[in-house]
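Structural overview for review
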Protein chains: 4
Amino acid sequence: MSKWMQEWSTETVAPHDLKLAERPVPEAGEHDIIVRTLAVSLNYRDKLVLETGMGLDLAFPFVPASDMSGVVEAVGKSVTRFRPGDRVISTFAPGWLDGLRPGTGRTPAYETLGGAHPGVLSEYVVLPEGWFVAAPKSLDAAEASTLPCAGLTAWFALVEKGHLRAGDRVVVQGTGGVALFGLQIAKATGAEVIVTSSSREKLDRAFALGADHGINRLEEDWVERVYALTGDRGADHILEIAGGAGLGQSLKAVAPDGRISVIGVLEGFEVSGPVGPLLLKSPVVQGISVGHRRALEDLVGAVDRLGLKPVIDMRYKFTEVPEALAHLDRGPFGKVVIEF
Amino acid sequence: MSKWMQEWSTETVAPHDLKLAERPVPEAGEHDIIVRTLAVSLNYRDKLVLETGMGLDLAFPFVPASDMSGVVEAVGKSVTRFRPGDRVISTFAPGWLDGLRPGTGRTPAYETLGGAHPGVLSEYVVLPEGWFVAAPKSLDAAEASTLPCAGLTAWFALVEKGHLRAGDRVVVQGTGGVALFGLQIAKATGAEVIVTSSSREKLDRAFALGADHGINRLEEDWVERVYALTGDRGADHILEIAGGAGLGQSLKAVAPDGRISVIGVLEGFEVSGPVGPLLLKSPVVQGISVGHRRALEDLVGAVDRLGLKPVIDMRYKFTEVPEALAHLDRGPFGKVVIEF
Amino acid sequence: MSKWMQEWSTETVAPHDLKLAERPVPEAGEHDIIVRTLAVSLNYRDKLVLETGMGLDLAFPFVPASDMSGVVEAVGKSVTRFRPGDRVISTFAPGWLDGLRPGTGRTPAYETLGGAHPGVLSEYVVLPEGWFVAAPKSLDAAEASTLPCAGLTAWFALVEKGHLRAGDRVVVQGTGGVALFGLQIAKATGAEVIVTSSSREKLDRAFALGADHGINRLEEDWVERVYALTGDRGADHILEIAGGAGLGQSLKAVAPDGRISVIGVLEGFEVSGPVGPLLLKSPVVQGISVGHRRALEDLVGAVDRLGLKPVIDMRYKFTEVPEALAHLDRGPFGKVVIEF
Amino acid sequence: MSKWMQEWSTETVAPHDLKLAERPVPEAGEHDIIVRTLAVSLNYRDKLVLETGMGLDLAFPFVPASDMSGVVEAVGKSVTRFRPGDRVISTFAPGWLDGLRPGTGRTPAYETLGGAHPGVLSEYVVLPEGWFVAAPKSLDAAEASTLPCAGLTAWFALVEKGHLRAGDRVVVQGTGGVALFGLQIAKATGAEVIVTSSSREKLDRAFALGADHGINRLEEDWVERVYALTGDRGADHILEIAGGAGLGQSLKAVAPDGRISVIGVLEGFEVSGPVGPLLLKSPVVQGISVGHRRALEDLVGAVDRLGLKPVIDMRYKFTEVPEALAHLDRGPFGKVVIEF
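Residues numbered from 1 in each chain as written. Chains lettered and ligands numbered in written order. Predicted model: local features only at pLDDT ≥ 70, side-chain atom pairs only at ≥ 80, totals over all residues. Heavy atoms only, no water.

An unreviewed UniProt entry lists chain A under the name Alcohol dehydrogenase, from Rhizobium meliloti.

**With respect to the nonpolar core**
Residues and elements named next belong to chain A. The biggest cluster of nonpolar side chains holds 85 residues, and the ones touching the most others in it are Leu42, Leu121, Phe132, Leu147, Trp155, Ile185 and Ile338. At ten residues, the largest contribution of residues to this core is made by helix α3 (residues 147–160). Here this core spans two domains, and each of domain 1 (4–147 + 291–339) and domain 2 (162–287) adds at least three residues to it. Ignoring any residue separated from it by four or fewer positions in sequence, one finds Leu42 in contact with Ala65, Leu121, Ala324, Leu325, Leu328, Lys335, Val336 and Ile338. (Core = buried A, V, L, I, M, F, W, Y, C linked by side-chain atoms within 4.5 Å. Buried < 20%, exposed > 50% of the residue type's maximum accessible area, 1.4 Å probe, protein only. Helix = DSSP H or I, 4+ residues; strand = E, 2+ residues; numbered from the N terminus. Domains from an automatic or database assignment. Contact = heavy atoms within 4.5 Å.)

**Quick look at the relation of the copies chain A and chain B**
Under the fitted operation, chain A is carried onto chain B by 0.0 Å of movement along the axis and a turn of 180 degrees, and the coordinates agree to an RMSD of 0.0 Å. What the rotation and shift describe, once combined, is the action of a two-fold rotation axis. The rotation axis passes nearest to the C-alpha of Ser272 of chain A in chain A, at a distance of 2.0 Å. Interface overlap between copies is the fraction of interface residues in one copy that are interface residues in the other; for chain A against chain B it reaches 100%, indicating a shared surface. (Least-squares fit on C-alpha atoms with pLDDT ≥ 70 in both.)

**Describing the interface of chain A and chain B**
Contacts between the two partners involve 45 residues from chain A and, on the opposite side, 45 residues from chain B. Contact between chain A and chain B buries roughly 4,000 Å² in total, counting both sides, with carbon and sulfur atoms accounting for 58%. Area buried by chain A at its contact with chain B is led by Arg106, Leu279 and Leu280 of chain A, which between them contribute 19% of it. Counting across the chain A and chain B interface gives six salt bridges. Here Glu224 of chain B ties to Arg106 of chain A by a salt bridge, and the two come within 3.0 Å at their closest N and O atoms. On inspection of chain A and its partner chain B, the count reaches 25 residue pairs in polar contact (both at pLDDT 80 or more). Of all the elements in the fold, those that place two or more residues in the side of chain A that touches chain B are α6 (222–229), β12 (254–262), β13 (270–274), α8 (275–281) and β14 (284–287) of chain A. Residues that form the side of chain A that touches chain B fall into these classes: 24 nonpolar, eleven polar and ten charged. (Buried area = accessible area lost by both parts, 1.4 Å probe. Salt bridge = Lys/Arg side-chain N within 4 Å of Asp/Glu carboxyl O. Polar contact = N/O pair within 3.5 Å; in protein donor to acceptor, adjacent residues only side chain to side chain. Nonpolar A, V, L, I, M, F, W, Y, C, P; charged D, E, K, R; others polar.)

**Here we look at the packing of helix α3 (residues 147–160) of chain C against helix α4 (residues 177–188) of chain C**
Residues and elements named next belong to chain C. In contact at an axis separation of 8 Å, α3 and α4 are set at 50 degrees when each is read in the N-to-C sense. On the basis of their axis angle, the class for α3 and α4 is oblique. In this structure, α3 meets α4 at a crossing whose hand is right-handed. Mapping the contact onto sequence places Leu147, Ala150, Gly151, Thr153, Ala154, Trp155, Leu158 and Val159 in α3 and Gly177, Val178, Phe181, Gly182, Ile185 and Ala186 in α4. Partitioning the contact of α3 with α4 into residue classes produces ten nonpolar, four polar and no charged. (Axes fitted to C-alpha atoms, helices over the stretch in contact; angles between N-to-C directions. Parallel < 35°, antiparallel > 145°, perpendicular 65-115°, else oblique. Left-handed = near helix turned anticlockwise from the far one by under 90°.)

**Some points on the environment of Leu280 of chain A**
Relative to the elements of secondary structure, Leu280 of chain A occurs in helix α8. For the pair Leu280 of chain A and Pro256 of chain A, spaced 24 residues apart in sequence, the C-alpha to C-alpha distance is 7.7 Å.

**So, the relation of the copies chain D and chain C**
When chain D is fitted to chain C, the residual RMSD is 0.0 Å, and the transformation amounts to a turn of 180 degrees plus an axial shift of 0.0 Å. When the interface residues of chain D are mapped onto chain C, 100% of them are again interface residues, pointing to one common binding face.

**Digging into helix α1 (residues 44–52) of chain D**
The α-helix winds at 3.6 residues per turn, so residues separated by three or four positions along the chain end up facing the same way. Looking only at α1 of chain D, the buried set comprises Arg45, Asp46, Lys47, Leu48, Val49 and Leu50 of chain D. Looking one or two residues past α1 of chain D, Gly53 of chain D carries a phi angle of roughly 80 degrees, positive in sign.

**Quick look at the packing of aromatic side chains**
Any aromatic ring pair is given by two values, namely how distant the centres are and how the planes are angled relative to each other. The tally for this structure, following the rule as stated, stands at eight aromatic pairs over all chains. For Arg205 of chain B, the ring lying beneath its charged end belongs to Phe333 of chain B, and the centroid distance is 4.1 Å. (Phe/Tyr/Trp six-rings, centres within 6.5 Å; stacked < 30°, edge-to-face > 60°. Lys NZ or Arg CZ within 6 Å of the ring centre and 35° of its normal.)

**A look at the domain arrangement of chain A**
How big an interface is tends to be stated in terms of accessible area lost as the parts join. Residues and elements named next belong to chain A. Once the domains are mapped, chain A shows domain 1 (4–147 + 291–339) and domain 2 (162–287). Between the C-alpha centres of domain 1 and domain 2 there is a distance of 28 Å. Between domain 1 and domain 2, the residue contacts involve 20 residues of the former and 15 residues of the latter. Contact between domain 1 and domain 2 buries roughly 1,400 Å² in total, counting both sides, with carbon and sulfur atoms accounting for 73%.

**A short note on unusual backbone geometry**
In this structure, Pro61 of chain B follows Phe60 of chain B across a cis peptide bond, with omega equal to -5 degrees. Locating Pro61 of chain B in the fold gives a position in the loop between α1 (44–52) and β4 (67–75). The backbone phi angle of Ala65 of chain C is positive, close to 85 degrees, even though this residue is not glycine. On the secondary structure map, Ala65 of chain C appears in the loop between α1 (44–52) and β4 (67–75). Unusually for a residue other than glycine, His163 of chain C sits at a positive phi of about 45 degrees. Exposure remark for His163 of chain C: the relative accessible area of 40% places this residue in the partly exposed category.

**What to know about the interface of chain D and chain C**
With 45 residues of chain D at the contact, the number on the chain C side is 45 residues. For the pair chain D and chain C, the summed buried surface comes to about 4,000 Å²; carbon and sulfur atoms form 58% of the total. The three residues of chain D that bury the most area against chain C are Arg106, Leu279 and Leu280 of chain D, which together make up 19% of that side's buried surface. On the surface where chain D and chain C come into contact, there are 25 residue pairs in polar contact (both at pLDDT 80 or more). Residues that form the side of chain D that touches chain C fall into these classes: 24 nonpolar, eleven polar and ten charged. Pairing analysis gives five bridges linking strand β13 (residues 270–274) of chain C to strand β13 (residues 270–274) of chain D, with the strands arranged antiparallel. Note that in β13 of chain D the partner of Val271 of chain C across the bridge is Gly273 of chain D. (Pairing = 2+ DSSP bridges.)

**Let's talk about the sheet that holds strand β9 (residues 192–197) of chain A**
On the basis of which strands lie adjacent, the open sheet formed by twelve strands has the order β10(A)-β9(A)-β8(A)-β11(A)-β12(A)-β14(A)-β14(B)-β12(B)-β11(B)-β8(B)-β9(B)-β10(B) and mixed pairing. Lying at the two open borders of the sheet, with one neighbouring strand each, are β10 (213–216) of chain A together with β10 (213–216) of chain B. Shown here is a sheet whose adjacent strand axes are inclined to one another by a mean of 15 degrees, direction ignored. Inspection of the sheet shows strand β8 (residues 169–173) of chain B paired to strand β9 (residues 192–197) of chain B by five bridges, in the parallel sense. Paired with Val171 of chain B across the strands is Ile194 of chain B, a residue of β9 of chain B. Relative to the sheet, α3 of chain A contacts β8 (169–173), β11 (235–240) and β12 of chain A, its axis offset from that of β11 of chain A by approximately 160 degrees. Relative to the sheet, helix α7 (residues 246–253) of chain B contacts β8, β11 (235–240), β12 (254–262) and β14 (284–287) of chain B, its axis offset from that of β12 of chain B by approximately 150 degrees.

**A word on the side chain of Ser145 of chain C**
Mapping Ser145 of chain C onto the fold places it in the loop between α2 (141–144) and α3. Once residues within four sequence positions are removed from consideration, Ser145 of chain C is found in contact with Ala39, Val40, Ser41, Asp67, Met68, Ser69 and Val337 of chain C.

**Describing the pairing of β12 of chain B**
Residue and element names in this part refer to chain B. Buried residues dominate β12, accounting for eight of its nine residues. In the sheet, β12 pairs with β14 via four bridges, with the strands oriented parallel. Bridging from a neighbouring strand, Val262 pairs with Gly287 of β14.

**Structural notes on the pattern of salt bridges**
Throughout the structure, instances matching the rule amount to 89 salt bridges over all chains. A salt bridge links Asp298 of chain C to Arg294 of chain C, with the nearest nitrogen and oxygen atoms 2.7 Å apart. A residue pair is termed a helical-turn pair when its members lie 3 or 4 positions apart in one helix, as Asp298 of chain C and Arg294 of chain C do in helix α9 (residues 293–306) at four residues. A salt bridge links Asp329 of chain D to Lys47 of chain D, with the shortest nitrogen-to-oxygen separation between them at 3.1 Å. With Asp329 of chain D in the loop between α10 (321–328) and β16 (335–339) and Lys47 of chain D in helix α1, this residue pair connects regions lying 282 residues apart in the sequence. Through salt bridges with shared partners, a single network forms among Asp98, Glu160, Arg294 and Asp298 of chain A together with Arg165 of chain C.

**Quick word on helix α4 (residues 177–188) of chain D**
All names here are of chain D. Here α4 spans 17 Å end to end across twelve residues, near enough to the 16 Å set by a 1.5 Å rise per residue. Taking burial as the measure, the twelve residues of α4 include eleven buried ones, the bulk of the element. Those residues of α4 lying buried are Gly177, Val178, Ala179, Leu180, Phe181, Gly182, Leu183, Gln184, Ile185, Ala186 and Ala188. (Expected span 1.5 Å × (residues − 1).)

Given below as structure tokens:
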């Protein structure tokens, strides 16, 4: 095993400070595993952390990014879940194993990799075995790296919390990483999927992935179109990704007793909407912030059994992290991944 | 049986037009029952309908009010659920028997008595048998009349949808009709109840009803106080009755994986709040608009078994309807009821 | 509209008494619709009722069968849900619209067509409009007639009660009508489906319908095979159709926190099984007896959106009812239908 | 801190081999806490393990018992959840933190203290911090020791899985430890509680604890009595503790859409019952085997907020373990506890 490794890190909250440097591979504690990184999937959140710190108590030098896949190189003496050679993926919020989320009302938990915990843009990652899950057998390393945050968020919203049913009508807003996972998972569950976008070209690509309907938000009122597509019933489940006043539109478009999953970045806005449809249709509005380890294991199993292939807009090399981060600003179709 | 009856009605959307007049008791159809009214419970909504019409397609002369208790005088030839002499209460939204609510995403159902359907401020009410539920045995007529809207709303939020558990911490906002039912139902379920109010005197009365804690919103920050009372965990369930930007405070006060039931009148405001706690605590936010007939039957059973006594702030005579409506503006402690 | 109609009926509980006779088409009441029958789907239960009465209080002449599709010929004056020309299917248990089932602990409800209510093996059926649901647009009349009992039972078990998820492992026992609906619905929901049968030929046909795995119960221990197929985890959901001591095998094969839906005829046996796995794996064991009207409407919507085609083993003519009933004894692969 | 401690252990599966001996207090690992035992609550299961081994792979010398309360004496260097002086209780199945239970379909998890893991009949217990929960503030040590198995089983059945509601009718079979917790928790949740027993004297004591109704099983048919007490509706939830063919009676007594929680020892019998009510009433039958750590924390909170006091039939001294075990055979009313 290599004793030295390359790693992207920064000394300040400022994206241009991000530098590639050589550091020693950390020692593995009793319960740790040493994972050789094969791919890292970037989220827009990673960019926000680099640019703003997001109010987190970061330790410097700070290594960004939370989602990786790799191969176990060595294990601590008390490790039981993995062996060298196993392919693994990271978990986004390591302390949340199953059931209710940690944290309090006053101080919600936001203990994630690439945030309160160290990040993964590094040739080796040395962390407790409990922070990893076996990678799916059917995906390559880059694809597998997209599951811990984007994939799990969509799964947690639609399946774990949303109890999506065959025949349900689902609206997916946009064509980013979570949205396309939402499209694919909803289709695999037998739902009818309506994708909204402001790009005709992206809608065409969404159709190719199985979308039943596409709505160009620049050309038509998406709520009216949802009524038309559903015989006025509205959508059973809406992945509300836009945030802000968009919630008001979703409250209009949702079916009675339907569900709106609010997903999005954590900065800069309020949600708001009219109280009338909230009362008279009684939908569940629930914020979704990734999910727990058991659900990630469920997703991995489903990915293998369903042959679900994550959508990667572009694969970058380990040396191209700045270019990959810049790509995030251009609204990728699916995920942006660094391959090692 | 009397052939003529006294009835309050109006020819226009204007509260001062409300007049007491004599009309013939309607004929009972095959599935109808004729109910002699014993009490009518007023809701603030009744006042809004009289003052604004609330956008409803009212039939004139319009008889207001939705919630009544009475005794069955006669039954149509196909009636099977009731017999003369039975004591009954009305249902608020007669078409909703159980399970999912009627209506569509475009046009939510709001087919209620004293709205799209005729009201009950009348000595006799003649309506289909399916629109009534057996009255609780343990309540007098005035108390029983408070269940169909205010009682059921609190029950539906806390029990039917909220799955309230013994030991949960519940915040009830205010001391109106729904709020006090919420207090009583939550206490009966073994919850710890925190009442907020802007009146010290009303908080004292809430303590007398079993409230564990009272927060005077004029004197302290209720969110901070909820943190203090719950060891920072926050409230498991909040009956959000204030509406508007109040949702933002509730999002701060709620525990991770908690629940906010939004209850309130339907006019004049939006709900809004910060997206951070909505995402990171992932509470369920659900609008509640009364509930279905089966849940009202459950509530009636629970009232009898638990000895729960609705709180009536003032009982008025049938001739005092204008005074009773005026009372609604002064923020009653519990319900305002007309006795016949 | 024809004034006379052909109808199969019997004067006694004895299948050989079943005779085709001519009777006048009944008058339609205010809330009734007159439906011209296009197809009737037979269930094994229909045979049991004819042979044993099943303890039901049958009215003679008794017309058997519960599941039909047809076209509305005329409607009573108060009918609002249907118009002449609409294609409809019957509901199995007409009094159960949504939510909790009717009946009591002492006397469970079993008010079904072709039982406590009249049956449908008749050229015309005249019943309340609330007892019908709009037929799916994508099925022919024979296919549509299979939904009210067999289709809904599988849907209610897997989707409405079972909250089946993409990636779940489902065991379907046998290849009868409910089982094949179970197979198709589970596949449409993204589940991995394991079919058990004692016939290699039927397993081959199940594979053609999408089954992922087939287990020949004559050739191998199906529980061991389920362990092998699931990496020892067991099945997330088992449609337990065999009944009797079969429950014991299902308790062994089920995954921790899994679900066993017990489906079957109502006569002649007990269920039994070892208490160990019931305690230590804590599965939900739930009997399923068809389902409510709202779930049938959900199924109809899902059938149209998913393109799900019910499996009909054989179509018989209206004059061939005795042959069709005899077919039921031979274990059909899917449904046996009478076309009018 | 003491270096030596007294401990009950056995070298063989044979209850008469149980002996008190002196052993060194184990060293605490990095994540361990050293807890000085104040009380141990015995379960009938402890006796079965001593007498039969229950098929478990026990390590000898084997220390029995799973449920204890104590005070933290010292903590390992990585411990974060507890400090010296904290009062704690043990968890029954330490690997199950929240959500789904561990184990597989083939090999259900039964990794409990006093079984696959060491027991607690010892002056000091040294185990990982994650295996403990903060003790309730409102109970003495003996009372607190009854929560991890008996208390949590009743809570998990009624509240966590059963979603018990105010006004529900609950049947509790017998007056053992789980049953009396069931009675108390159900009453605290606003349920109406029916206790069955074969002892008039025990029924009187159950009434004193709040039971609404008592049925002497030697004197009357308890199912008929449940029908009579519930207006034929049946019980919403039955804590089925007897096991075996008792399930058949519970299937008769349960309400439509009700719930039967099967609780009991793991040896020696099957459950069985008629398929008719299982299908036509569609109750959930679910085995319950204690519960997870998060639910134990919920129970602790509820105990403190509700002032719930566990029922201890007899308190024995540390030297009287054989007498206490013998007491278990006589059917205690509530729990049997060893005080240190």
